[in-house]
Amino acid sequence: MGWVPVGQLLRVACIGVALQAAACSSDGDGASTGGDTGDTGDTGDTAGSAGSAGSGGGDDFGGIAVGAGGGGSISSGSGVTGNEDSCDGVDNDGNGIIDDVDAGGDGVCDCLRIATLGEPGRWGEGDVFEAWLNKRSINGAVDLNDAELTAEELSKHQVIVVQDVSVIGRTYSSAEVEALSDWIAKGGGLMTLIGYGDPDERENVNTLLEPLGVGYDEQQILPRQGGSTIPITEWGGAHPVLDGIQAVGVDTGYPVAGEGTTLATGDGHDVLKALESGDGRVLVWGDEWITYNSEWVEHPDYQVERFWLNAIKWLTPANECQVAIPPNIN
Ligand SMILES: [Ca+2]
Ligand SMILES: [Ca+2]
Ligand SMILES: [Ca+2]
């Protein structure tokens, strides 16, 4: 439901694309000739192609170049090395953490196995999974979209982020819900998002969350006049996910209700809960705007990128793929 002032759109679009590849700079004054400032879908398309083209060595994220074709080599562009582990499921350097590799020092483990369910949102600019994450790890993000959730499929992933699952064309079966719950109990990390705009969007994600006793409430968090996201500034005390976080925006999401520790509240609603289930961990966030990297380009007052780094790290098993988060990331 997002609305971006037209005056900002040109700049947002160019910056958003620049985050993903050199598309903006290679396009010269493309922003002024494009003219189609209102079509956020165009930028999404660009993001998709730029993400895969990014393997060519453009280093827009300050450190790493990911080998072409995924699964290739990842090398440091900043000279930050010193870790002798490699992505093979073995603790090669014997420091107690399997595959703790981050050659670029960007805070995302290069060996991370992360996947998304459903489709990305289309309201903001940029896509955290197509662009930001793909630049920071070898595997990038696996797009499971409407795939059947089976034990075999889920076992391939350490972290799964649920995007818009109102569009998958079915309701998740009890077998799929059970498979997901089992995967979490065995150490999987699940994060759910909401606020994509479909009237039925709560149904499927709440189905997935039901065994955990948490879900999204019916009463939508109303948008604020003027089109900007609502800054969430009330945080629930000491928790690794909240390190260095003062504000993150939400826009037309849904409150989080039920089990878990409330980590964030805004406009009188709980918007973030954290749960542990067996060996796994779950974060339930009441919006989807954090998936648009325009949120941290346009909002230096938000710590969206750091929030993602904290969340992914906390959701990743404690003895796998744990790398340090750089202190200078907002
Ligand atoms: Ca290690
Ligand atoms: Ca290893
Ligand atoms: Ca990395």
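Our structure is the block above this text.
Being a predicted model, the structure only gives us computed values, none of them experimental.

**Observations concerning the overall build of the protein chain**
For the protein chain, the helix and strand inventory stands at 10 helices and 14 strands. Residues counted as buried form 50% of the 330 residues belonging to the protein chain. When contacts within the protein chain are restricted to residue pairs at least 6 apart in sequence, long-range pairs at least 24 apart make up 70% of them. Surface summary for the protein chain: the accessible area is close to 13500 Å², and the carbon and sulfur share equals 48%.

**Digging into the sheet that holds strand β4 (residues 141-145)**
The eight strands are arranged β4-β3-β5-β6-β14-β13-β12-β9 in an open sheet whose pairing can be described as mixed. Strands with a single pairing partner mark the edges of an open sheet, and in this sheet they are β4 and β9 (234-235). With four bridges connecting them, strand β3 (residues 114-117) and β4 associate as parallel partners. If you follow Leu117 over to β4, its bridge partner there is Asn145. Strand contacts of helix α8 (residues 201-209): β3, β5 (159-162), β6 (189-192) and β14 (280-285), with the helix running at about 155 degrees to β6, the strand carrying the most contacts.

**Considerations on the coordination of the calcium ion (ligand 3)**
Bound to the calcium ion (ligand 3) on the protein side are Asp102 (OD), Asp106 (OD), Asp106 (OD), Val108 (O), Asp110 (OD) and Arg136 (O), at distances that span 2.3 to 2.7 Å. If you look at the calcium ion (ligand 3), its six donor atoms make angles of 50 to 177 degrees with each other, and the shape they trace is irregular. Expressed as a motif, the donor residue spacing for the calcium ion (ligand 3) is D-x3-D-x1-V-x1-D-x25-R. Both residues of the pair, Asp102 and Val108, belong to the buried class.

**Here we look at the coordination of the calcium ion (ligand 1)**
Distances from the calcium ion (ligand 1) to its protein donors, Asp85 (OD), Asp91 (OD), Asp93 (OD), Asn95 (OD1), Ile97 (O) and Asp100 (OD), fall within 2.2 to 2.4 Å. Taken together, the six donor atoms coordinating the calcium ion (ligand 1) and their angles of 76 to 174 degrees define a geometry best described as irregular. When the donors of the calcium ion (ligand 1) are listed by position in the chain, the intervening gaps give D-x5-D-x1-D-x1-N-x1-I-x2-D. Separating the calcium ion (ligand 1) from the calcium ion (ligand 2) is a gap of 5.9 Å, bridged by Asp85, which donates to each. Among the residues examined, Asp93 registers a relative accessible area of 30% and is labelled partly exposed.

Rules used in this analysis
Residues numbered from 1 in each chain as written. Chains lettered and ligands numbered in written order. Predicted model: local features only at pLDDT ≥ 70, side-chain atom pairs only at ≥ 80, totals over all residues. Heavy atoms only, no water. Helix = DSSP H or I, 4+ residues; strand = E, 2+ residues; numbered from the N terminus. Buried < 20%, exposed > 50% of the residue type's maximum accessible area, 1.4 Å probe, protein only. Contact = heavy atoms within 4.5 Å. Areas by Shrake-Rupley, 256 points an atom, 1.4 Å probe, with all protein chains shown as cover. Pairing = 2+ DSSP bridges. Axes fitted to C-alpha atoms, helices over the stretch in contact; angles between N-to-C directions. Donors = N, O, S within 2.8 Å, 3.2 Å for Na, K, Ca; no water. Tetrahedral: all angles 85-135°; square planar, octahedral: opposite > 155°, others 65-115°.

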